[in-house]
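Here are the chains, one letter per residue:
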Amino acid sequence: MAISKEKLDKMLEVYPSKVKKSRKSHIMIKDGCETQTIEANTRTVPGIITNRGCAFAGCKGVVLGPLKDMIHIVHGPVGCAFYTWGTRRNKAKTEDPAKNFLNYCVTTDMQESDIVFGGEKKLMNVIDDVMEEFNPAAITLTATCPIGLIGDDMGAVAKSAEEKYGVSVLHFNCEGYKGVSQSAGHHIANNVLVDKIIGQGEKEQADSKYAINLLGEYNIGGDGWEIERILNDIGYEVVSVMTGDGSYEDLKNAHVAELNLVQCHRSINYIAEMLETKYGIPWLKVNFIGIDATIETLRNMAMYFGEQDLIDQTEKIIAKELSEIEGKLEQYKKITQNKTSFCFVGGSRGHHYQGLFAELGIETVLAGYEFAHRDDYEGREVIPDIKIDADSKNIPDLKVEPDPDRFRLRIPEKLYEELKAKIPLSEYKGMNADMADGTVIVDDLNHYETEEFIKIFKPDIFASGIKDKYVVQKMGIPAKQLHSYDYSGPYAGFKGALNFAADVSMSFATPTWNFIAPPWKGEPLLDGKIEKGAE
C-alpha cells in the first residue's frame, strides 16, 4: 500500500485543524473490511484552489448548451457566456444547417450601468434581435451571479417574449452561487426540462418497440454519434439524447420511450427519476466507455427488452465490432501495460474510464469527482441518509406525479423486480464498489493534494479536467484531458476504445517528458541528520 492513514494525516498537517478535519472526511483509503463513507457535495474551503465550476456552468454549460436548435441567451457579463460556450466540444449536426446554433455565443453583456439600473430591457432587446436574426424554435435564458443580486425578473421577460413571438422561452435561475458546484446547475436544468419541454410533443407512441432515450451523454468529440451508430445497428430507436446533439423538438417527445439509459448519473439522474414517476419509463445505468463495459451495457439492454431476436442481433453486432478492432489494441498495450493512473475528472467519468484504463493494463490508484454527491461514491442506497443542508435547499425538488393520460408501466412489476436482481435497473452502485483495496478516493481534489498525491504514488498518467492538466504536465506527468478531449475522440464504444488507446500510448511515447523532471527526482530518497556527539 503506497499510503497509510498515518501518512495521509502527515500530508494534511499543513492545514489548520478545522480545514484538516474537513478535508480528511473527503478522502478515503479503500478498505474492504469496513463500511466506509465519504463527505461530498459540500462547499470548498475558502482559499483552496478547486477544479469545480459553478451552478451556472452546470446548467448552461453542461446540460443546456449542447441543445442545438435553441438559442441560449446568457443574461450577465460576457465572460460568463464565453466560459460556457464551445469549450466542451459538444458536436451537433442538423439536416438544416441554419437551425444548428451551437456556434453562436449570445449574451446581454451586462455592464456597470446595467447592474445599477437593471437589465430587463436589455434582455428583451436581445430576444428581439435573436428572433429577427435566427427565429429559433425555443430560447433559454440563464442567469449569472449579478442577475440574482440585482433582482432582474427573467420570468416576466420570458413570459412577455412568449406572448410576443409565440415560441417557448425558458428561464433558468441558475446563478453561480446557487450551489456548492456545477451539480446544482444540473438539477436546476433537469427540473425545467421536465416541467416545460418533455411531454409537450404530440406523439403518443414511438416508431419502434425498442425505443430509448440516451441520458447524460453530451457527444463530446462525437461520443454520442458512436453510441447511436451501434444502437441503430442493433435495432434501437433513439428518441432523444439529453443533451449531446440533442434538440428541443426531440425532447418534447421523450415521453414515448420504453427505456431511459443513464450514462452520467450525476448530471441527469433527476430527469431519469422524474420520467419514471411521471410516465412509467424505467432507467438503466449504462456505461459505453471501454470494451467490456459497452458489451455488458448492450447485453443488459437486450435482457431488459427480453426478445430473442434482439438478443441475437446484439451478439451479432458485438462480434462484428470486436472483429474490427481485434489485435489492434495489442500494439498499444505494449506501451501502456503495467502503468498506473489517477482518474479525477467530472461526474461519472472518474468511474467509467477506470475500466478502459484496466483494459490497457493501467491500474487506477486514485480516483474522485469534482462535483459528486455521496451516492455517486457509495451507491444510491445511501440517498435516504444524506442530510439536507442549506445549500441543498437552494435547489427545489420538482414534485411530479403520474401523468393521468400518458403514464403506463413499460414492463410488469414482477418482471421489473426480477430484472433489478440481474441488471442495474433504476440503480447505481457507485464508484467505490469498483475500487481496489488500498486505492485512494478523493472528493473535490485540490491543487496542494494533487501535488502531494503525485509525489506519493508517482502515477504514469493523470486523467484530468481542463483546469488542472497544465499543473500536472509541468510535474512531468502525461495528463489525459477527459473533460472535452482537447482535440480527439470519440472515446465511446469499441472504436472509441481504440482511439483512446492510441492517444494514451502517444502520451507515453512522446519525447517531451525527457525534458521535464518530476519534482521527486530533485529530492533525496533518504533524509537524515547527524546528531551532535554521534560516533
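Quantities reported herein were computed from a predicted structural model and do not represent experimental measurements.

As a further point, take the packing of helix H14 (residues 308–325) against helix H22 (residues 493–509). For any two helices packed against each other, one specifies the crossing angle of their axes together with the interaxial distance. As a packed pair, H14 and H22 sit with axes 9 Å apart at the nearest point and diverge in direction by 20 degrees. Taken together, the axis directions place H14 and H22 in an arrangement best described as roughly parallel. Read as a crossing pair, H14 and H22 show a hand that is right-handed. Across the interface between the two elements, Ile318, Glu321, Leu322, Glu324 and Ile325 of H14 pack against Phe494, Lys495 and Leu498 of H22. In terms of residue class, the contact of H14 with H22 is built from 5 nonpolar, no polar and 3 charged.

This part takes up the packing of helix H15 (residues 328–336) against H22. Contact pair H15 / H22: the axes reach a minimum separation of 9 Å and the direction vectors enclose 30 degrees. Accordingly, the angle class assigned to the pair H15 and H22 is roughly parallel. The handedness of the crossing between H15 and H22 comes out as left-handed. Only Ala497, Leu498, Ala501, Ala502, Val504, Ser505 and Phe508 of H22 make contact with H15, whose side of the interface consists of Lys328, Leu329, Tyr332, Ile335 and Thr336.

Turning our eyes to something else, we now look at the layout of surface pockets. Of the pockets and cavities examined, the largest pocket occupies roughly 980 Å³. Looking at the largest pocket, it is lined by 38 residues, and the ones nearest its centre are His187, Tyr270, His373, Ile388 and Asp397. Within the residue set of the lining of the largest pocket, elements represented by two or more residues are helix H9 (183–197), helix H12 (265–279), helix H17 (374–378) and helix H18 (390–393). The dominant element in the lining of the largest pocket, judged by the number of residues it contributes, is H12, at 6 residues. By residue class, the composition of the lining of the largest pocket is 12 nonpolar, 13 polar and 13 charged.

As a further point, take the domain arrangement of the protein chain. Taken domain by domain, the protein chain comprises domain 1 (1–36 + 329–379 + 430–518), domain 2 (55–197) and domain 3 (199–326 + 383–427). Between domain 1 and domain 3, the C-alpha centre-to-centre distance is 28 Å. At the interface, 26 residues of domain 1 touch 33 residues of domain 3. The junction of domain 1 with domain 3 conceals about 2,500 Å² of combined surface from both sides, 62% of it contributed by carbon and sulfur atoms. Its largest share of buried area at the contact with domain 3, domain 1 owes to His352, Phe494 and Lys495, together 32% of the area lost on that side.

Below, the discussion takes up the pattern of salt bridges. Within this structure, the stated rule accounts for 31 salt bridges. Lys24 serves as the salt-bridge partner of Asp9, at 2.7 Å between the closest nitrogen and oxygen. You can see Asp9 sitting in helix H1 (residues 5–11) and its partner Lys24 sitting in helix H2 (residues 17–25), a full 15 residues away along the chain. For Asp391, the salt bridge goes to Arg43, with nearest N and O atoms at 2.8 Å.

The next thing to look at is the environment of Gln200. For Gln200, the position within the fold is in the loop between H9 and strand S6 (211–217). Looking at Gln200, the relative accessible area reads 48%, which means it is partly exposed. Residues Gln200 and His255, 55 residues apart in the sequence, show an inter-C-alpha distance of 8.9 Å. Excluding its chain neighbours within four sequence positions, the residues that come into contact with Gln200 are Asp195 and Lys252.

This next bit is on the pairing of strand S11 (residues 362–369). In terms of residue burial, S11 counts as a mostly covered element, since 7 of its 8 residues are buried. Inspection of the sheet shows strand S10 (residues 339–344) paired to S11 by 6 bridges, in the parallel sense. Across the sheet, residue Lys339 finds its bridge partner in S11, namely Ile362. You can see the chain leave S10, run along helix H16 (residues 349–359) and come back into S11, and the turn it takes is right-handed. Note: S11 against strand S12 (residues 440–443), 4 bridges, orientation parallel. Residue pairing in the sheet places Tyr369 in a bridge with Asp443 of S12.

What follows concerns the sheet that holds S11. In space, the 6 strands of this open sheet follow the order S1-S12-S11-S10-S13-S14, with mixed pairing throughout. Two strands close off the open sheet at either side, each with one partner strand: strand S1 (27–29) and strand S14 (479–481). Ignoring which end each strand starts from, the neighbouring axes of this sheet average 20 degrees apart. With 3 bridges connecting them, S1 and S12 associate as antiparallel partners. The residue of S12 that forms the bridge with Ile29 is Val440. Those strands touched by helix H20 (residues 447–457) are S1, S10, S11, S12 and strand S13 (461–464), and its axis lies near 170 degrees from that of S12.

Our focus in this paragraph is H14. If you check H14, its first and last C-alpha atoms are 26 Å apart, about what 18 residues at 1.5 Å a residue would give, namely 26 Å. Among all positions of H14, only Leu310, Thr314, Ile317, Ile318, Glu321 and Ile325 are buried. Along the axis of H14, the buried positions cluster into a sector of 105 degrees, meaning they face one direction only. Those residues of H14 that are exposed and aimed more than 90 degrees away from the buried face are Asp309 and Lys316. Here the buried face of H14 lies against helix H10 (223–234), helix H13 (291–305), H15 and H22. Positive backbone phi, at 85 degrees, marks Gly327, one or two positions downstream of H14.

Thresholds applied
- Residues numbered from 1 in each chain as written.
- Predicted model: local features only at pLDDT ≥ 70, side-chain atom pairs only at ≥ 80, totals over all residues.
- Heavy atoms only, no water.
- Axes fitted to C-alpha atoms, helices over the stretch in contact; angles between N-to-C directions.
- Helix = DSSP H or I, 4+ residues; strand = E, 2+ residues; numbered from the N terminus.
- Parallel < 35°, antiparallel > 145°, perpendicular 65-115°, else oblique.
- Left-handed = near helix turned anticlockwise from the far one by under 90°.
- Contact = heavy atoms within 4.5 Å.
- Nonpolar A, V, L, I, M, F, W, Y, C, P; charged D, E, K, R; others polar.
- 1 Å grid on protein atoms, 1.4 Å probe; cavity = no way out; pocket = protein on both sides within 12 Å on 5 of 7 lines; lining within 4 Å.
- Points joined across faces, edges and corners; volume = space filled by probe spheres on them.
- Domains from an automatic or database assignment.
- Buried area = accessible area lost by both parts, 1.4 Å probe.
- Salt bridge = Lys/Arg side-chain N within 4 Å of Asp/Glu carboxyl O.
- Buried < 20%, exposed > 50% of the residue type's maximum accessible area, 1.4 Å probe, protein only.
- Pairing = 2+ DSSP bridges.
- Right-handed = clockwise from strand over helix to strand, strands pointing away.
- Expected span 1.5 Å × (residues − 1).
- Arc of directions from axis to C-beta.

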